[in-house]
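# Architecture and fold: a report
This is what each chain is made of:
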Amino acid sequence: MSAIAYVNGQFVPQDQATISIMDRGFLFADGIYEVSAVLDGKLVDNDLHMARLERSVGEIELPLPLPVAEIAELMRELVVRNRLQEGLVYLQVTRGADATRSFPFPANVKPTLVMFIDQFDFLASPKAKTGIKVKSVEDIRWARRDIKSVALLAQVLAKQAAAAEGCHEAWMHEGGIVTEGGSSTAYIVKGEGASARIVTRENSRKILPGCTRHALLDLVRETGIELEERAFTVEEAYAAKEAFVTSATNFVMPVTEIDGRKIGGGQVGPVARRLRELYIAHARKG
């Protein structure tokens, strides 16, 4: 049986969900998206995702068709209708469909709002036990990476380059300085034991302000583990004791290899393991 999707005010079978070929999201990538995790039938960190949604649409002057509180309620309804216990809710809002393909913002056009779900196994992921492989690639994206735009071609190419070499994620870089993952936030761990410190890039227009990042760093501060918000290089990552990524689809995922080089001896390290446990406990609280 087809999953249930939401399209412009209606819940419909996902295999029957349609939008206009004149939709500006399709023609211009003129839209914003969010992805929220679902664990135990509850949305995880969804207030953070709704706040980022509001910020992103504001940055491109895209009006939301509904208040964020109503959108969040529709997301919860979608979870219930699909009996989703563990997985994702994808949300996309575009500037809508106009009669002609014209670059300037159209007048009197209602934005398009679509949502759908995906089953996803967070807790039993085998990659969390073995770690993932990462490939570094040049970052060729636009200047406003802080906006969660649906224009993801550069990320598609980066992640395809990684997949072609048997890697699970790409770490994009500019002149050897890591920006972020293809669909995740990048971290390294310097030192070990009581001297361990986590390094991740500070928020700016260079990177997307990750919601999982936000929640995890709050947990890190509670643990007392030292945190450095700064840029780091690919070469520095090669020499790190540990590395990991965060995202709504990964939670906290250890990285055990970058560009064919073993990180931490190729084993999942204690910091990444602990942070994954802490984040899952946080997610289950709802």
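What you are looking at is a predicted structure, and each value in this text was computed from that prediction instead of being measured.

Right, let's get into the pairing of strand S6 (residues 112–119). Bridge count between strand S1 (residues 4–7) and S6: two bridges; the pairing is antiparallel. If you follow Tyr-6 over to S6, its bridge partner there is Met-115. Taken together, the eight bridges between strand S5 (residues 86–94) and S6 define a ladder with antiparallel strand orientation. Across the sheet, the residue bridging to Val-93 is Leu-113, located in S6.

Turning our eyes to something else, we now look at the nonpolar core. Ile-198, Leu-216, Val-220, Phe-244, Phe-251, Leu-275 and Tyr-279 are the most contacted members of the largest nonpolar core, which has 28 residues in total. Sorting the residues of this core by element identifies strand S3 (31–39), S5, strand S10 (185–190), helix H6 (211–223), strand S14 (251–258) and helix H8 (270–285) as the ones contributing at least two each. The biggest single contributor to this core is H8, with six residues. If sequence neighbours within four positions are ignored, Phe-251 has contacts with Ala-37, Leu-39, Phe-122, Thr-212, Val-245, Thr-246, Arg-276, Tyr-279 and Ile-280. By size, the runner-up hydrophobic cluster in this structure holds 24 residues, among which are Met-50, Leu-84, Val-93 and Ile-117.

Taken together, the six strands give an open sheet; going across it, the order is S2-S1-S6-S5-S3-S4, and neighbouring strands pair in antiparallel fashion. Edge positions in the sheet fall to strand S2 (10–13) and strand S4 (42–43), since each of these pairs with one other strand and no more. Its contacts with the sheet place helix H3 (residues 68–81) against S1, S2, S3, S4, S5 and S6, and it is angled at close to 35° to S6.

Let us now look at the layout of surface pockets. Reported here for the largest pocket is a volume of approximately 820 Å³. As for the largest pocket, its lining consists of 38 residues, and the residues nearest its centre are Tyr-33, Lys-148, Leu-152, Gln-155 and Gly-182. At the level of elements, S3, helix H2 (46–59), helix H5 (153–164), strand S9 (177–181), H6 and strand S13 (242–247) are the ones that each hand at least two residues to the lining of the largest pocket. No other element matches H5, which puts five residues into the lining of the largest pocket. Of the residues contributing to the lining of the largest pocket, the split by class is 16 nonpolar, 14 polar and eight charged. Space inside the second largest pocket adds up to approximately 280 Å³. Lining the second largest pocket are 16 residues, with Phe-120, Lys-127, Thr-249, Asn-250 and Met-253 sitting closest to its centre.

Counting through the fold element by element, Ala-72 comes out in helix H3. Apart from the residues within four sequence positions on either side, Ala-72 is in contact with Leu-43, Asn-46 and Met-50.

Before going further, it helps to examine the environment of Phe-11. Structurally, Phe-11 can be placed in strand S2. A relative accessible area of 23% places Phe-11 in the partly exposed class. The spatial distance from the C-alpha of Phe-11 to the C-alpha of Phe-116 is 9.7 Å, given a sequence separation of 105 residues. What Phe-11 contacts, discounting residues up to four positions off in sequence, is Ile-4, Ala-5, Tyr-6, Leu-74, Glu-77, Leu-78 and Arg-81.

Turning our attention to the packing of aromatic side chains. A full pass over the atoms with the stated rule returns nine aromatic pairs. Summarising the aromatic geometry, the rings of Phe-120 and Phe-122 are spaced 5.0 Å apart at their centres and angled 45° between planes, so their arrangement reads as tilted. Phe-120 sits in the partly exposed class, given a relative accessible area of 31%. Exposure remark for Phe-122: the relative accessible area of 3% places this residue in the buried category. Each ring, one from Trp-171 and one from Phe-232, has its centre 6.0 Å from the other, and the planes form 65°; the classification is edge-to-face. Of this pair, Trp-171 sits in strand S8 (residues 169–174) while Phe-232 sits in the loop between strand S12 (226–229) and helix H7 (234–238), and the two are 61 residues apart along the sequence. The class of Trp-171 is buried, set by a relative accessible area of 2%. Given a relative accessible area of 2%, Phe-232 falls into the buried group. The structure contains a cluster of three or more aromatic residues connected by ring pairs, namely Phe-120, Phe-122, Phe-251 and Tyr-279. For Arg-261, the ring lying beneath its charged end belongs to Tyr-238, and the centroid distance is 4.0 Å.

Thresholds applied
- Residues numbered from 1 in each chain as written.
- Predicted model: local features only at pLDDT ≥ 70, side-chain atom pairs only at ≥ 80, totals over all residues.
- Heavy atoms only, no water.
- Pairing = 2+ DSSP bridges.
- Helix = DSSP H or I, 4+ residues; strand = E, 2+ residues; numbered from the N terminus.
- Core = buried A, V, L, I, M, F, W, Y, C linked by side-chain atoms within 4.5 Å.
- Buried < 20%, exposed > 50% of the residue type's maximum accessible area, 1.4 Å probe, protein only.
- Contact = heavy atoms within 4.5 Å.
- Axes fitted to C-alpha atoms, helices over the stretch in contact; angles between N-to-C directions.
- 1 Å grid on protein atoms, 1.4 Å probe; cavity = no way out; pocket = protein on both sides within 12 Å on 5 of 7 lines; lining within 4 Å.
- Points joined across faces, edges and corners; volume = space filled by probe spheres on them.
- Nonpolar A, V, L, I, M, F, W, Y, C, P; charged D, E, K, R; others polar.
- Phe/Tyr/Trp six-rings, centres within 6.5 Å; stacked < 30°, edge-to-face > 60°.
- Lys NZ or Arg CZ within 6 Å of the ring centre and 35° of its normal.

By themselves, these observations are geometric and do not establish any function.
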